[in-house]
Amino acid sequence: MPERYPHLKEQDPEIYALIQKQAAYEASTLKMIASENYASYSVLEATGSSLTNKYAEGYPAARYYEGNEVIDEVENLCINRLKQVFGAEHANVQPLSGSPANSAVYRAVMAGAEKVMGMPVNLGGHLTHGWKVNFSGMDYTQVPFGPSPETGLLDYDQIREIAKAERPRMIWCGATAYPRRIDYEKFAEIAAEVDAYLVADIAHISGLIAGGALPSPVPYCDIVTSTTHKMMRGPRSGFILCKEADRYQEKYYPTSKFNLAKRIDRAVFPGLQGGPHENVIAAMAVAFGEALKPEFKDYAAQVIKNARHLGECLVKEGINLATGGTDTHMLLLDFRKEEFTGKDMSDALAKAGIIANFNMVPGDQRKPAVTSGVRMGTGALTTMGMKEKDMEQVASWIVRIVRAMPDASAVSAQIRGEVAEYCKQFKVPGLWEE
Ligand SMILES: *Cc1c(COP(=O)(O)O)cnc(C)c1O
């Protein structure tokens, strides 16, 4: 490991050692948590910059503190690059992460305890789409929908029926655990039929959309939210894109003088947050700059090629996948028929240095604390430089572990060494010198 933080090392060797320890762990294991990635050195440097020292409550040219001329340039650059990446009318880059971005959306389009249509967590949705233990399920009423337990696919006729029967004020399309393309045009038709706001949550896949490898929801949705640290490869943060005008202004906000873009901005600040993290906003601008480069298209395409190939290799060896495959970076391995659980399997994988997570799969009968599935993604491995032939190696490790279950400890221990050795040929940005 290179020594990268000379001041920290000198002043606080305890934290320095822990950072190095985690870096060494990540560099010798396979980061296959589908929501994780490796940010570039440039993103890390901007995140760690002195911009962290500035208070900038408000928005560019409308700040509550003096001395923000340069900060305005940073934030405007970030906004303009983001709008360029997605072809969006309006962008807010201040949400501190994905969940705060989603909470701002509620504040901007929901008046009281209305109905919100979203996927429950056990069906692949996010906590903030109306799940009961989250503010979104406590303050609003979730109208649930989800993929078919048989096929694992969304059924748009069923979604339309539910929407027409329940008439939600807002519909979330987007997921944390759904490996297939989402048909935003269909969702838009349904939302229009029931006068609902349509919000796409592209937290996982925004980088794949930015790289042109998946279709964009921007033309079809009132609002789009995302994190920036998943396939977008930026710092931990979030953003909101929206149309300027509210198509339901007359119906839902007849007396308001604020259009949709203004309500989103006001919901973020002063509605929910104080000072924005301008160091992180600078790092987001760096990531959006990277996403505008031609290489990012290659990255996004390769992520999906890798996921598809990994899936095919696993299916060939008799491992079931929810929906049978993937259109994205994500695979949902389906162990419903096995004696062992998703948790058993993710533990065995982790012991082998393959870091993923146990996850509910469509039709799962096991409890959320154990599940029958494992979710994995190829975003970080692709950032390391892995290609299809590397996926064959990864698949063969996974298969060996599955074959050894329920007690894979000896096999996992052996594979752990092989994984660490294999990782040495790749350069991990932020962990190893480039
Ligand atoms: C990751 C994720 C979020 C939330 O992101 P945090 O940054 O963890 O708050 C929101 N929605 C979806 C669909 C996600 O996958």
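Residues numbered from 1 in each chain as written. Predicted model: local features only at pLDDT ≥ 70, side-chain atom pairs only at ≥ 80, totals over all residues. Heavy atoms only, no water.

**Observations regarding the overall build of the protein**
- When helices and strands are counted, the protein shows 17 helices and 14 strands.
- In terms of overall dimensions, the protein is globule-like: its C-alpha atoms have a radius of gyration of 22 Å, near the 22 Å expected for 434 residues.
- Projected onto the principal axes, the alpha-carbon positions of the protein cover approximately 70 × 60 × 35 Å.
- Within the span of the protein, comprising 434 residues, buried residues form 58% of the whole.
- Nonlocal contacts in the protein, meaning residues at least 24 apart in sequence, comprise 71% of its contacts between residues at least 6 apart.
- Total accessible area computed for the protein in this model is approximately 18500 Å², and 52% of it derives from carbon and sulfur atoms.
- On the protein, the mean spot of the 47 positive side-chain charges and the mean spot of the 53 negative ones are 2 Å from each other. (Helix = DSSP H or I, 4+ residues; strand = E, 2+ residues; numbered from the N terminus. Rg over C-alpha atoms; globule rule 2.2 N^0.38 Å. Buried < 20%, exposed > 50% of the residue type's maximum accessible area, 1.4 Å probe, protein only. Contact = heavy atoms within 4.5 Å. Areas by Shrake-Rupley, 256 points an atom, 1.4 Å probe, with all protein chains shown as cover. Lys, Arg positive; Asp, Glu negative; His and termini not counted. Charge placed at Lys NZ, Arg CZ, Asp CG, Glu CD.)

**Let's talk about the pattern of salt bridges**
- One pass over the full model with this rule turns up 22 salt bridges.
- Among the ionic pairs, Lys31 bridges to Glu26, the shortest N-O distance being 3.0 Å. As far as the burial class goes, Lys31 and Glu26 line up, both buried.
- As a salt-bridge pair, Lys31 and Glu36 come within 2.9 Å of each other at their nearest N and O atoms.
- Taking the relative accessible area as the measure of exposure, Glu36 reaches 31% and is therefore partly exposed. (Salt bridge = Lys/Arg side-chain N within 4 Å of Asp/Glu carboxyl O.)

**Overview of the side chain of Ser136**
- Note on placement: Ser136 falls in helix α6 (residues 135-139).
- From its side chain, Ser136 meets the backbone oxygen of Leu127 in a polar contact 3.0 Å long.
- In contact with Ser136, other than residues within four places in its own chain, are Tyr106, Val116, Leu127, Thr128, His129, Gly130 and Trp131. (Polar contact = N/O pair within 3.5 Å; in protein donor to acceptor, adjacent residues only side chain to side chain.)

**Notes on helix α16 (residues 388-404)**
- Taking 1.5 Å per residue, 17 residues should reach 24 Å; α16 reaches 25 Å between its end C-alpha atoms and fits that length.
- For α16, the set of buried residues is Asp390, Met391, Val394, Ala395, Trp397, Ile398, Val399, Ile401 and Val402. (Expected span 1.5 Å × (residues − 1).)

**Some details on the sheet that holds strand β7 (residues 170-173)**
- Taken in spatial order, the seven strands make up an open sheet running β4-β10-β9-β8-β7-β5-β6, and their pairing is mixed. Of all the strands in the sheet, the pair left with one neighbour each is β4 (90-92) and β6 (141-144). Pairwise comparison of adjacent strand axes, ignoring direction, gives a mean angle of 20° for this sheet.
- Strand direction decides the pairing type here: β7 and strand β8 (residues 197-201), joined by four bridges, are parallel. Considered in β8, the bridge of Cys173 is made with Ala200. (Pairing = 2+ DSSP bridges. Axes fitted to C-alpha atoms, helices over the stretch in contact; angles between N-to-C directions.)

**Regarding the sheet that holds strand β11 (residues 330-334)**
- With respect to topology, three strands assemble into an open sheet ordered β11-β14-β13, the strand pairing being antiparallel. Each end of this open sheet is capped by a strand with a single partner; those strands are β11 and β13 (357-359). In this sheet, adjacent strand axes meet at a mean angle of 35° when their direction is disregarded.
- In terms of strand pairing, β11 meets strand β14 (residues 373-377) through five bridges, oriented antiparallel. Pairing of Leu331 across the sheet is with Met376, part of β14.

**A short note on the domain arrangement of the protein**
- Under the domain assignment used here, the protein contains domain 1 (47-291) and domain 2 (296-423).
- On a C-alpha basis, the centres of domain 1 and domain 2 stand 29 Å from each other.
- Listed per partner, the contact involves 26 residues of domain 1 and 25 residues of domain 2.
- Carbon and sulfur atoms make up 64% of the area that domain 1 and domain 2 hide from each other, which totals about 2200 Å².
- When residues of domain 1 are sorted by the area they lose upon contact with domain 2, Pro179, Arg180 and Arg233 head the list and together hold 30% of the total.
- There are one salt bridge connecting domain 1 and domain 2.
- As a salt-bridge pair, Arg180 and Asp327 come within 2.9 Å of each other at their nearest N and O atoms.
- Linking domain 1 with domain 2 are 10 residue pairs in polar contact (both at pLDDT 80 or more). (Domains from an automatic or database assignment. Buried area = accessible area lost by both parts, 1.4 Å probe.)

**Overview of the packing of helix α5 (residues 98-109) against helix α11 (residues 260-272)**
- Where α5 contacts α11, the axes come no closer than 8 Å and their chain directions differ by 120°. Considered as vectors, α5 and α11 are oriented oblique to each other. Judged by the twist between their axes, the crossing of α5 over α11 is right-handed. Contacts between α5 and α11 involve Pro100, Ser103, Ala104, Val105, Arg107, Ala108 and Val109 from the former and Leu260, Arg263, Ile264, Ala267, Val268 and Leu272 from the latter.
- When grouped by side-chain class, the residues that make up the contact of α5 with α11 number 10 nonpolar, one polar and two charged. (Parallel < 35°, antiparallel > 145°, perpendicular 65-115°, else oblique. Left-handed = near helix turned anticlockwise from the far one by under 90°. Nonpolar A, V, L, I, M, F, W, Y, C, P; charged D, E, K, R; others polar.)

**Some thoughts on the packing of aromatic side chains**
- Overall, the coordinates contain 17 aromatic pairs when judged by the stated rule.
- On the basis of an interplanar angle of 80° and a centroid distance of 5.8 Å, the ring pair of Phe239 and Phe288 is categorised as edge-to-face. Linking Phe239 in strand β10 (residues 238-242) with Phe288 in helix α12 (residues 278-291), this pair joins segments that are 49 residues apart in sequence.
- Since its relative accessible area comes to 0%, Phe239 is described here as buried.
- Owing to a relative accessible area of 0%, Phe288 belongs among the buried residues under this scheme.
- Of the aromatic side chains, those joined through ring pairs into one cluster are Tyr106, Phe135, Tyr140 and Trp172.
- One residue, Lys132, lies across the ring of Trp131, its end atom 4.4 Å from the ring centre.
- Its end group placed over the ring of Tyr299, Arg233 keeps NZ or CZ at 3.8 Å from the ring centre. (Phe/Tyr/Trp six-rings, centres within 6.5 Å; stacked < 30°, edge-to-face > 60°. Lys NZ or Arg CZ within 6 Å of the ring centre and 35° of its normal.)

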